[in-house]
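Breakdown of the fold
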Amino acid sequence: MAGGKMRRDKPHRGASAGGSNPHFQGGISFHKSKGQHILKNPLLVDSIVQKAGIKSTDVILEIGPGTGNLTKKLLEAGKSVIAVELDPRMVLELQRRFQGTPLSNRLKVIQGDVLKCDLPYFDICVANIPYQISSPLTFKLLAHRPLFRAAVIMFQREFAMRLVAQPGDTLYCRLSVNTQLLARVSHLLKVGKNNFRPPPKVDSSVVRIEPRKPLAPVNFKEWDGLVRICFNRKNKTIGSIFRQKSVLSLLEKNYRTLQALQLAENVPSEDVEMALDVSALGETFGDLSMDADDEKDDDEMEVDDGDAKRSEFKEKVLAVLKEGKYEDKRSSKLTQADFMHLLSLFNKAGIHFS
């Protein structure tokens with residue numbers, strides 16, 4: 001490792017031998033609990049850079065550069081590198097490593113939390129990230145403007161497979177649908193845990209994310225509202241999901257509120273402004289618990305048809321499903337086009353999800 005050795009942190013008294021203990025490598029302590037797993041395989045680093053398709057004119061964003069093994073290759077391949085690093089010890093090591101070299105004037109290091117930083121312009125992102133920020137980081141990048149060409153990111157294997165999952169796949173979920181609405185996603189590489197120091201407990205994968213240009217003409221908050229409901233019980237039929245009392249109550253409240261607003265302000269529903277808050281699609285994702293468990297007891301009783309007004313609204317909802325032939329279909333099998341069509345049918349009937 002380039003640069004002078006740094007003072008080793010003393011382990012806390014009573015600390016267990018688990019993830020919170022630092023692991024010492026080359027004079028620097030890496031903390032598993034902070035997601036610090038440094039790529040040590042030079043062939044793998046070369047492969048990632050090659051598959052990223054970096055141009056000599058590219059400004060590259062790197063997140064979590066650590067000690068700079070990947071950074072060096074990125075500097076050699078592109079025009080410049082903007083490295084965002086939270087750990088001040090790693091920032092110091094990175095600066096020491098390239099100080100006095102021809103590469104130093106093409107490296108800019110930003111110390112801070114990437115989720116809280118305002119990111120500058122970049123052409124491509126290449127990163128080995130802490131896995132606990134996978135979901136919020138993915139959607140922060142996709143919300144960044146101007147749009148970048150591609151992001152090549154190392155994720156936990158199961159998270160990566162959810163990103164690329166297709167309708168009918170076991171891991172197909174709300175994360176899959178929302179990500180693929182905004183970007184083309186492809187799996188590049190499987191990476192074993194022994195390619196890192198210290199080795200993580202899980203295997204990894206490298207994924208390529210290319211933002212769609214232009215974005216689909218959809219209200220993203222409404223889209224996420226529909227998809228969130230559908231994937232709450234993704235293996236139930238759509239008809240069964242939309243018969244649930246809580247779902248119908250939510251939709252009816254939105255329906256009555258919008259009706260009241262239109263009467264008060266004389267605003268036609270087609271003039272409702274399209275939401276462009278892309279980052280809203282990434283809200284409330286846990287790293288791997290994106291969907292509710294279909295097997296757990298469902299206390300969401302179906303609506304009692306005794307209430308005439310509520311029964312009328314229920315029939316309105318079911319008529320939409322019948323028109324699109326969605327009653328007997330399941331969310332786990334629906335495509336992007338299916339969700340788009342279903343949302344348009346609901347909106348045409350004056351039913352909204354935000």
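Presented here is a report on the structure given in the accompanying data block. (Residues numbered from 1 in each chain as written. Predicted model: local features only at pLDDT ≥ 70, side-chain atom pairs only at ≥ 80, totals over all residues. Heavy atoms only, no water.)

**Considering helix α2 (residues 69–77)**
- Taken as a whole, α2 has its buried residues at L70, T71, L74 and L75. Relative to the axis of α2, the buried residues are bounded by an arc of 135° and lie together on one face.
- Of the surrounding elements, those touching the buried residues of α2 are α1 (42–52), β4 (59–63), β5 (80–85), α3 (88–98), β6 (107–111) and β7 (124–128). (Buried < 20%, exposed > 50% of the residue type's maximum accessible area, 1.4 Å probe, protein only. Helix = DSSP H or I, 4+ residues; strand = E, 2+ residues; numbered from the N terminus. Arc of directions from axis to C-beta. Contact = heavy atoms within 4.5 Å.)

**A look at the nonpolar core**
- By size, the foremost hydrophobic cluster in this structure holds 68 residues, and its most contacted members are L141, F242, F339 and F346.
- Tallying contributions element by element places helix α7 (residues 220–232) first for this core, with 7 residues.
- For F346, the contacting residues outside a window of four places in its chain are L226, F242, V317, V320, L321, I351 and F353.
- Of all hydrophobic cores here, the second largest spans 27 residues; its members include V49, I124, V191 and V206. (Core = buried A, V, L, I, M, F, W, Y, C linked by side-chain atoms within 4.5 Å.)

**Looking at the sheet that holds strand β8 (residues 150–156)**
- Read across the open sheet, the 7 strands follow the order β6-β5-β4-β7-β8-β11-β9; overall the sheet is mixed. Of all strands in the sheet, those with a lone pairing partner are β6 and β9 (183–191), marking the two edges. Taken pair by pair, the neighbouring strands of this sheet meet at an average axis angle of 20°, ignoring direction.
- Sheet analysis places β9 next to strand β11 (residues 204–211), joined by 8 bridges and oriented antiparallel. Residue pairing for β11: V191 is matched across the bridge by S204.
- Packing against the sheet, α2 makes contact with β4, β5, β6 and β7, and its axis sits at approximately 175° to β4.
- Across the face of the sheet, α3 comes into contact with β5 and β6 while running at roughly 165° to β6. (Pairing = 2+ DSSP bridges. Axes fitted to C-alpha atoms, helices over the stretch in contact; angles between N-to-C directions.)

Everything listed is a geometric property; what it means functionally is a separate question.
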